[in-house]
Amino acid sequence: LRNRFKTLYNVRDTVPELNCDLAKNHFGAFDWIPGVLRVSEDELFTQCGFVSVTYMRFLKIGMKLSMMGCFIAIWLSPVYRYSPTRESNAHVTDGFDKLSTGRTYVGDPRLFGTVIATYLLNFYSMYLLYYEF
C-alpha cells in the first residue's frame with residue numbers, strides 16, 4: 001500500500017512545502033521500522049518538529065513496556081500451567097485456560113507470582129517515566 005498511495009504514507013516527500021531530508025529515505029515493506037528507530041532525536045526535531053520527537057519517545061516507552069509484558073507472560077505461563085488440579089479448578093479443561101489464573105484456586109501460593117509480576121511492571125513503568133522526564 002505504501003508504494004501505491006505515496007501521498008498518504010509520505011506527505012513530506014510529495015508536498016513541496018513540507019519536504020525534508022528524512023522524507024527522501026525510502027524503505028522496503030518492513031525496513032522502515034529500524035530506519036525510523038535509528039534517526040537521532042536532534043535530527044528528528046530539526047526536520048519534523050517537537051511533536052514527532054514526543055511521539056517517537058512515547059512509542060519507544062510503549063515498546064519497552066510491551067517487551068516487559070511478554071517477559072512476564074512467558075514467566076507466568078508455566079506457573080499457572082503446572083498448578084495442581086483441585087476440586088475448585090477441575091472444570092478447567094481448555095488448554096488456553098490452563099495457562100491463565102483460571103487454573104489457580106483461592107489461596108493458591110502461585111497467585112503471588114501475579115502480584116510480583118504486577119509490581120515488576122508498575123515499578124518498571126515508573127522507572128521508564130522517571131528516566132524519560
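What counts as what
- Residues numbered from 1 in each chain as written.
- Predicted model: local features only at pLDDT ≥ 70, side-chain atom pairs only at ≥ 80, totals over all residues.
- Heavy atoms only, no water.
- Helix = DSSP H or I, 4+ residues; strand = E, 2+ residues; numbered from the N terminus.
- Buried < 20%, exposed > 50% of the residue type's maximum accessible area, 1.4 Å probe, protein only.
- Contact = heavy atoms within 4.5 Å.
- Areas by Shrake-Rupley, 256 points an atom, 1.4 Å probe, with all protein chains shown as cover.
- Axes fitted to C-alpha atoms, helices over the stretch in contact; angles between N-to-C directions.
- Parallel < 35°, antiparallel > 145°, perpendicular 65-115°, else oblique.
- Left-handed = near helix turned anticlockwise from the far one by under 90°.
- Core = buried A, V, L, I, M, F, W, Y, C linked by side-chain atoms within 4.5 Å.
- 1 Å grid on protein atoms, 1.4 Å probe; cavity = no way out; pocket = protein on both sides within 12 Å on 5 of 7 lines; lining within 4 Å.
- Points joined across faces, edges and corners; volume = space filled by probe spheres on them.
- Nonpolar A, V, L, I, M, F, W, Y, C, P; charged D, E, K, R; others polar.
- Expected span 1.5 Å × (residues − 1).
- Salt bridge = Lys/Arg side-chain N within 4 Å of Asp/Glu carboxyl O.
- Phe/Tyr/Trp six-rings, centres within 6.5 Å; stacked < 30°, edge-to-face > 60°.

S.K.: Could you give an account of the overall build of the protein, with specific residues and numbers?
M.R.: A count of helices and strands for the protein gives six helices and zero strands. Ordered by position in the sequence, the α and β elements of the protein form the string α-α-α-α-α-α. Each of the 133 residues in the protein was classed as buried or not, and the buried ones make up 18%. Here the analysis covers contacts within the protein between residues at least 6 apart in sequence; of these, 41% occur between residues at least 24 apart. Summed over all atoms, the accessible surface of the protein reaches about 10300 Å², with 65% contributed by carbon and sulfur.

S.K.: Describe in detail the packing of helix H5 (residues 50-81) against helix H6 (residues 111-132), supporting the description with residues and values.
M.R.: Describing two packed helices takes the angle between their axes plus the distance from one axis to the other. Taken N-terminus to C-terminus, the directions of H5 and H6 make an angle of 165°; their axes are 10 Å apart at the nearest point. Considering their axes alone, H5 and H6 lie roughly antiparallel with respect to each other. Helix-helix and strand crossings are classified by hand; for H5 and H6 the assignment is right-handed. Where H5 abuts H6, its residues Arg57, Ile61, Lys64, Leu65, Met68, Ile72, Trp75, Leu76 and Tyr80 lie against Gly113, Thr114, Ile116, Ala117, Leu120, Leu121, Tyr124, Ser125, Leu128, Leu129 and Glu132.

S.K.: Any chance you could break down the nonpolar core for me, citing the residues and the numbers?
M.R.: Formed by Met68, Ile72, Leu76, Tyr80 and Ala117, the largest nonpolar core amounts to five residues. In terms of residue count, the dominant contributor to this core is H5 (four residues). For Ala117, the contacting residues outside a window of four places in its chain are Ile72, Trp75 and Leu76.

S.K.: Describe the layout of surface pockets, and please don't skip the residues or the numbers.
M.R.: Of the voids in this model, the second largest pocket is the one considered here, and its volume is about 190 Å³. Together, Glu41, Asp42, Phe45, Phe50, Val53, Thr54, Arg57, Phe58, Ile61, Leu129, Glu132 and Phe133 line the second largest pocket. Those elements that provide at least two residues to the lining of the second largest pocket are helix H4 (41-48), H5 and H6. Looking at the lining of the second largest pocket, the element that brings in the most residues is H5, giving six residues. Residue composition of the lining of the second largest pocket, grouped by class: seven nonpolar, one polar and four charged.

S.K.: Describe H5, listing the residues and the values that go with them.
M.R.: With 32 residues, H5 should cover 46 Å at 1.5 Å per step; its first-to-last C-alpha distance of 46 Å lies within 8% of that length. Elements that come into contact with the buried residues of H5 comprise helix H3 (32-37), H4 and H6.

S.K.: Mind laying out the pattern of salt bridges, listing which residues take part and the relevant values?
M.R.: Inspection of the entire model under this criterion finds two salt bridges. As a salt-bridge pair, Glu41 and Arg57 come within 3.0 Å of each other at their nearest N and O atoms. With Glu41 in helix H4 and Arg57 in helix H5, this pair connects stretches of sequence that are 16 residues apart. Residue classification places Glu41 among the partly exposed residues on the basis of a relative accessible area of 34%. What makes Arg57 partly exposed here is its relative accessible area of 33%. Note that Arg57 and Glu132 form a salt bridge whose closest N and O atoms lie 3.0 Å from each other.

S.K.: Explain the packing of aromatic side chains to me, and be specific about the residues and the numbers.
M.R.: The geometry of an aromatic ring pair is captured by the separation of the ring centres together with the interplanar angle, meaning the angle of the planes. The final tally for this structure, using the stated rule, is two aromatic pairs. Ring centres 6.0 Å apart and planes at 25° place the aromatic pair Tyr119 and Phe123 in the stacked group. Residue Tyr119 and its partner Phe123 are both found in helix H6; the two are separated by four residues, about one turn of the helix. Taking relative accessible area as the criterion, Phe123 reaches 58% and is therefore assigned exposed.

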